[in-house]
Amino acid sequence: MIDLLLTAGSIEYDDTGTGTTIVFLHGLVMDGSLWDGPVAELSGDHRCVVPTLPFGAHRRAMNADADLSLPGIARLVEEFLDQLDLQDVTLVGNDTGGALVQLIDSPRVGRIVLVSCEAFDNLPPGLTGRTLALVSKLSPGLLGVFMQQLRLRFVRRLPITFGWLTKRGDAATVAWIRPLLEQPEIRRDAVRVLRAAFADRNLLIKAAERLRSFDRPALVVWAAGDRVMPPEHGRRLAELLPQGRLVEVDDTSTLIPLDQPTRLSHLIKEFIHSS
């Protein structure tokens, strides 16, 4: 892990491999390990850059005055791309990371991949998102009490937590909740992030309209049976994007990087090489 100091605070990131640059963005209460499977397959001939964003599973607390709204974190990613001087980036986002991709406006981005993510009016997303919206009303201390319940596997597998997000990624979720259990300053960040994330329910409706003018290559990869991110939204996003193409993936929940890493890696590689 490498530390990078940005305006909002210090973030950690992994930088692996050489070649065409891919930057991977994760969702709420997750970290960059979401992408471990795809990175292992892609880093042989691509440069894979994976920041851990301040979404509640991070380990470096943000500055007290940091803007932790979704637009604020989108600007943080833009600053990240600038500081590393990344060019012709393939920007890939899953879950809330895909929402960020829709909000980012940077000439450094050459193509985008949206992987089962929030879009249109699905904010907060599904039953899982509505649970996070309710949890955001807790104080940081009570959030810690709530998160203690997720030490139990059967609680992590409930539809209101990670159960509808991944079929095979329970081990990853155990690591994701650890900073919230152990670091009071991360719990404070998480409350700020969650409250801000759902404050503007029209945010992604407005972002979708801007996608009509994204004239660069775009791939939409969606879980065919997704119960958190409606498959219809994947189809609509692909239709909105001038160069959009849709692929639906079977036998996976929302977190395709955990459930189908090899399939997703092949799709990303094929997309980059053909665009």
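Relevant structure appears above.
Thresholds applied
Residues numbered from 1 in each chain as written. Predicted model: local features only at pLDDT ≥ 70, side-chain atom pairs only at ≥ 80, totals over all residues. Heavy atoms only, no water. Helix = DSSP H or I, 4+ residues; strand = E, 2+ residues; numbered from the N terminus. Pairing = 2+ DSSP bridges. Axes fitted to C-alpha atoms, helices over the stretch in contact; angles between N-to-C directions. Contact = heavy atoms within 4.5 Å. Patch = residues over 30% accessible without salt bridge, like charges linked within 9 Å, V, L, I, M, F, W, Y side chains within 5 Å. Areas by Shrake-Rupley, 256 points an atom, 1.4 Å probe, with all protein chains shown as cover. Salt bridge = Lys/Arg side-chain N within 4 Å of Asp/Glu carboxyl O. Buried < 20%, exposed > 50% of the residue type's maximum accessible area, 1.4 Å probe, protein only. Phe/Tyr/Trp six-rings, centres within 6.5 Å; stacked < 30°, edge-to-face > 60°. Lys NZ or Arg CZ within 6 Å of the ring centre and 35° of its normal.

Draft legend 1. Structural context of unusual backbone geometry. Looking along the chain, the bond that leaves Leu123 and enters Pro124 is cis, with omega of 0 degrees. Positive phi, close to 55 degrees, is recorded for Asp95, a residue that is not glycine. Within the secondary structure layout, Asp95 lies in strand β5 (residues 89-95). For Ser116, which is not glycine, the phi torsion reads 30 degrees and is therefore positive. If you trace the backbone, Ser116 turns up in strand β6 (residues 109-117).

Draft legend 2. Structural context of the pairing of strand β1 (residues 2-6). In this sheet, strand β2 (residues 9-16) lies alongside β1 in antiparallel orientation, the contact comprising 5 bridges. By the bridge assignment for β2, Leu6 is matched with Gly9. Taken together, β1 and the strand that follows it, β2, pair antiparallel across an intervening segment of 2 residues.

Draft legend 3. Geometry of the sheet that holds β5. Judged by pairing direction, the sheet is mixed, and its 8 strands sit side by side in the order β1-β2-β4-β3-β5-β6-β7-β8 without closing on themselves. Strands at the two margins of the open sheet, each flanked by one partner only, are β1 and β8 (244-249). Strand-to-strand twist in this sheet, taken as the mean axis angle between neighbours without regard to direction, amounts to 25 degrees. With respect to the sheet, helix α3 (residues 96-103) is in contact with β3 (20-25), β5 and β6, its orientation differing from that of β5 by roughly 135 degrees.

Draft legend 4. Fine view of the environment of Leu25. Looking at the secondary structure, you find Leu25 in strand β3. Leu25 sits 76 residues away from Val101 along the chain, and the two C-alpha atoms are 8.1 Å apart. Filtering out sequence-adjacent residues up to four positions away, Leu25 remains in contact with Trp35, Pro51, Leu53, Val77, Leu91, Val92, Gly93, Asn94, Gly97, Leu100, Val101 and Ile104.

Draft legend 5. Structural context of a nonpolar patch on the surface. Taken together, the side chains of Leu152, Phe154, Leu158 and Ile160 present a nonpolar region at the surface, about 370 Å² in accessible area. Relative to the assigned elements, Leu158 resides in the loop between α6 (153-156) and α7 (170-182). Relative accessible area serves as the criterion here: at 32%, Leu158 is assigned to the partly exposed category.

Draft legend 6. Summary view of the packing of aromatic side chains. Using the criterion set out here, one finds 3 aromatic pairs in the structure. Its guanidinium or amino end placed over the ring of Phe120, Arg236 lies 3.7 Å from that ring's centre, counting from NZ or CZ.

Draft legend 7. Local environment of the pattern of salt bridges. Evaluated as defined, the whole model comprises 20 salt bridges. Among the ionic pairs, Asp200 bridges to Lys206, the shortest N-O distance being 3.0 Å. If you follow the salt bridges from partner to partner, you end up with Asp3, Glu12, Asp31, Arg59 and Arg60 in one network.

Draft legend 8. Layout of the pairing of strand β4 (residues 46-52). Within β4, 6 of the 7 residues are buried, which leaves it mostly tucked inside the rest of the structure. Where β2 lies against β4, 5 bridges are found, and the strand directions are antiparallel. Of the residues in β4, the one forming a bridge with Thr16 is Cys48. In the sheet, β3 pairs with β4 via 4 bridges, with the strands oriented parallel.

These figures capture arrangement, not role.
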